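Given next are the chains, with one letter for each unit.
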Amino acid sequence: MEEEEEEKSGQKKRKEKRGKKEREREREREREMSLSSSTTTLANALLKRALMTTAGLTRGGSTISSSASWGSSSSHKGGGGVGRRFDAHVFFGSPLAEKRTVSSTRGTKSSAASAALSAHQPSEEEDEHYMRLALKEAEKAFEAGEVPVGAVLVHKKDPNDQHVIARSHNTSESRNNPLAHAELECIDLGRKALGEWRRLKDSTLYVTLEPCAMCAGAILQARVGNVVYGARNPQLGAHGSWCGLLGTREGEEDKVQALKTHAIMPEVNVRADVLGEECSELMKTFFKNRREQAKKERERLRLEEEKYRELLFKYDGVKKKEEM
């Protein structure tokens with residue numbers, strides 16, 4: 001009787017465990033479907049704008065046209081906004097707060113409107129505060145064995161009303177998903193928190209590492225208005241390190257090929273090197289530990305192979321003696 005009860009108890013526990021795994025897989029599928037739906041919506045909006053531009057539609061009797069300038073010395077033209085002219089300047093992290101003021105003009109905006117826009121830009125202290133929150137997320141990734149990149153999305157409608165609406169870190173290894181970058185997760189959580197993804201334009205994305213091309217594309221498609229990052233990403237960065245989807249750093253305009261203006265998001269305000277040393281040090285420590293672990297693993301496998309060969313040698317010797 002006791003054995004039957006133990007067997008029933010074991011079957012019940014295994015059944016509960018399977019049910020829990022099924023519920024987790026179902027939640028993961030729903031999450032991926034939600035992300036896919038958001039991506040489809042963005043693609044449809046881009047296609048609609050491209051068709052309008054190609055057809056040469058007019059509004060208010062004027063042909064749809066636009067031009068834009070990225071960075072402080074390089075400029076290019078391409079299909080973009082409707083009946084507007086954009087002059088977007090990308091500024092970078094600097095010890096001098098006045099060097100990080102962002103200015104942009106649209107159509108007939110007055111200088112007073114431009115000044116109001118500049119007033120919305122966060123101070124150096126605010127940038128560092130939110131970057132430290134992103135660093136905490138990166139440390140979570142570090143502890144979980146993920147590449148330590150963290151991100152925080154801050155929504156700021158006016159200078160007196162700003163708050164964190166999303167936090168995330170890399171989960172590519174744990175979820176076995178190359179798309180599970182901190183920036184993409186933050187954008188998805190942010191649009192859910194706001195209830196309307198187009199409101200992301202009033203948000204600032206703080207991320208500890210220069211966004212890659214995949215995340216930079218999502219930032220443009222989601223119309224995130226501001227990006228602040230810490231460490232450079234020399235191999236894959238999209239702010240002039242590998243490509244210029246988010247523009248380039250000052251004085252490095254010739255390092256990457258110039259791109260046409262993005263059709264629906266011709267301007268993104270970028271500030272770099274905020275707590276750059278701390279963000280970079282965390283990345284260096286992670287990859288140093290990974291190299292040491294890989295070295296130890298190779299050494300372990302070598303010793304196991306030597307033991308196997310030694311045992312095989314002894315076995316062959318004993319077998320020959322028996323045959324004699």
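So, a few notes on the structure that sits alongside this text. (Residues numbered from 1 in each chain as written. Predicted model: local features only at pLDDT ≥ 70, side-chain atom pairs only at ≥ 80, totals over all residues. Heavy atoms only, no water.)

## Comments concerning the overall build of the chain
Turning to step 1, where the next piece is worked out: Per the secondary structure count, the chain includes seven helices and seven strands.
Turning to step 2, where the next piece is worked out: Secondary structure elements of the chain occur, N-terminal to C-terminal, as α-β-β-α-α-β-β-α-α-β-α-β-β-α.
Turning to step 3, where the next piece is worked out: Residue burial in the chain is summarised as follows: out of 324 residues, 40% are buried.
Turning to step 4, where the next piece is worked out: For the chain, restricting intrachain contacts to residue pairs at least 6 apart in sequence, the fraction spanning at least 24 positions comes to 60%.
Turning to step 5, where the next piece is worked out: Roughly 19900 Å² of accessible area belongs to the chain as shown, and the carbon and sulfur atoms make up 52% of that amount. (Helix = DSSP H or I, 4+ residues; strand = E, 2+ residues; numbered from the N terminus. Buried < 20%, exposed > 50% of the residue type's maximum accessible area, 1.4 Å probe, protein only. Contact = heavy atoms within 4.5 Å. Areas by Shrake-Rupley, 256 points an atom, 1.4 Å probe, with all protein chains shown as cover.)

## Some details on the packing of helix H5 (residues 182-194) against helix H6 (residues 213-221)
Turning to step 1, where the next piece is worked out: Direction vectors running N to C along H5 and H6 enclose 20°, while the axes themselves pass 9 Å from each other. Considering their axes alone, H5 and H6 lie roughly parallel with respect to each other. Relative to H6, the crossing made by H5 is left-handed. Contacts from Glu183, Leu184 and Ile187 in H5 reach Met214, Cys215, Ala218 and Ile219 in H6. (Axes fitted to C-alpha atoms, helices over the stretch in contact; angles between N-to-C directions. Parallel < 35°, antiparallel > 145°, perpendicular 65-115°, else oblique. Left-handed = near helix turned anticlockwise from the far one by under 90°.)

## Some details on the environment of glutamate 143
Turning to step 1, where the next piece is worked out: With respect to the helices and strands, glutamate 143 occurs in helix H3 (residues 124-143).
Turning to step 2, where the next piece is worked out: Along the chain, glutamate 143 and phenylalanine 286 lie 143 residues apart, while their C-alpha atoms are 9.5 Å from each other.

## So, the environment of leucine 259
Turning to step 1, where the next piece is worked out: Along the chain, leucine 259 falls in the loop between strand S6 (226-231) and strand S7 (269-271).
Turning to step 2, where the next piece is worked out: Each C-alpha atom, one on leucine 259 and one on cysteine 243, is 9.1 Å from the other, the two residues being 16 residues apart in sequence.

## Overview of the sheet that holds strand S5 (residues 203-209)
Turning to step 1, where the next piece is worked out: With mixed pairing, five strands are arranged side by side in an open sheet as S4-S3-S5-S6-S7. In this open sheet, the two edge strands, each paired with only one partner strand, are strand S4 (161-169) and S7. Ignoring which end each strand starts from, the neighbouring axes of this sheet average 20° apart.
Turning to step 2, where the next piece is worked out: One ladder, built from three bridges, connects S6 with S7; its direction is parallel. Across the sheet, the residue bridging to valine 228 is arginine 271, located in S7.
Turning to step 3, where the next piece is worked out: Each of strand S3 (150-158), S4 and S5 touches H5; the most contacted strand, S4, lies at about 135° to it. (Pairing = 2+ DSSP bridges.)

## Some words on the pairing of S3
Turning to step 1, where the next piece is worked out: Counting buried residues along S3, seven of its nine residues qualify, which places the element largely inside the surrounding structure.
Turning to step 2, where the next piece is worked out: The sheet contact formed by S3 and S4 spans eight bridges and is antiparallel. Paired with lysine 156 across the two strands is glutamine 162, which belongs to S4.
Turning to step 3, where the next piece is worked out: With antiparallel pairing between neighbouring strands as the criterion, S3 and S4 make up a hairpin whose turn holds two residues.
Turning to step 4, where the next piece is worked out: Where S3 and S5 come together, five bridges link them in antiparallel fashion. The partner of leucine 153 across the bridge, within S5, is leucine 205.

## Notes on the side chain of glutamate 210
Turning to step 1, where the next piece is worked out: Tracing the backbone through its elements, the reader meets glutamate 210 in the loop between S5 and H6.
Turning to step 2, where the next piece is worked out: Buried within the structure, glutamate 210 lacks any salt-bridge partner; arginine 232 is the closest side chain of opposite charge, at an N-O distance of 4.4 Å.
Turning to step 3, where the next piece is worked out: Polar side-chain contacts of glutamate 210 include one of 2.7 Å to the side chain of serine 241.
Turning to step 4, where the next piece is worked out: Filtering out sequence-adjacent residues up to four positions away, glutamate 210 remains in contact with Tyr229, Ala231, Arg232, Asn233, Gly237, Ala238, His239, Gly240 and Ser241. (Lys, Arg positive; Asp, Glu negative; His and termini not counted. Salt bridge = Lys/Arg side-chain N within 4 Å of Asp/Glu carboxyl O. Polar contact = N/O pair within 3.5 Å; in protein donor to acceptor, adjacent residues only side chain to side chain.)

## Section: the pattern of salt bridges
Turning to step 1, where the next piece is worked out: One pass over the full model with this rule turns up 17 salt bridges.
Turning to step 2, where the next piece is worked out: Residue aspartate 273 pairs with arginine 249 through a salt bridge whose shortest N-O separation is 2.7 Å. Of this pair, aspartate 273 sits in the loop between S7 and helix H7 (276-323) while arginine 249 is found in the loop between S6 and S7, placing the two residues 24 residues apart along the sequence.
Turning to step 3, where the next piece is worked out: The partly exposed category is assigned to aspartate 273, whose relative accessible area is 33%.

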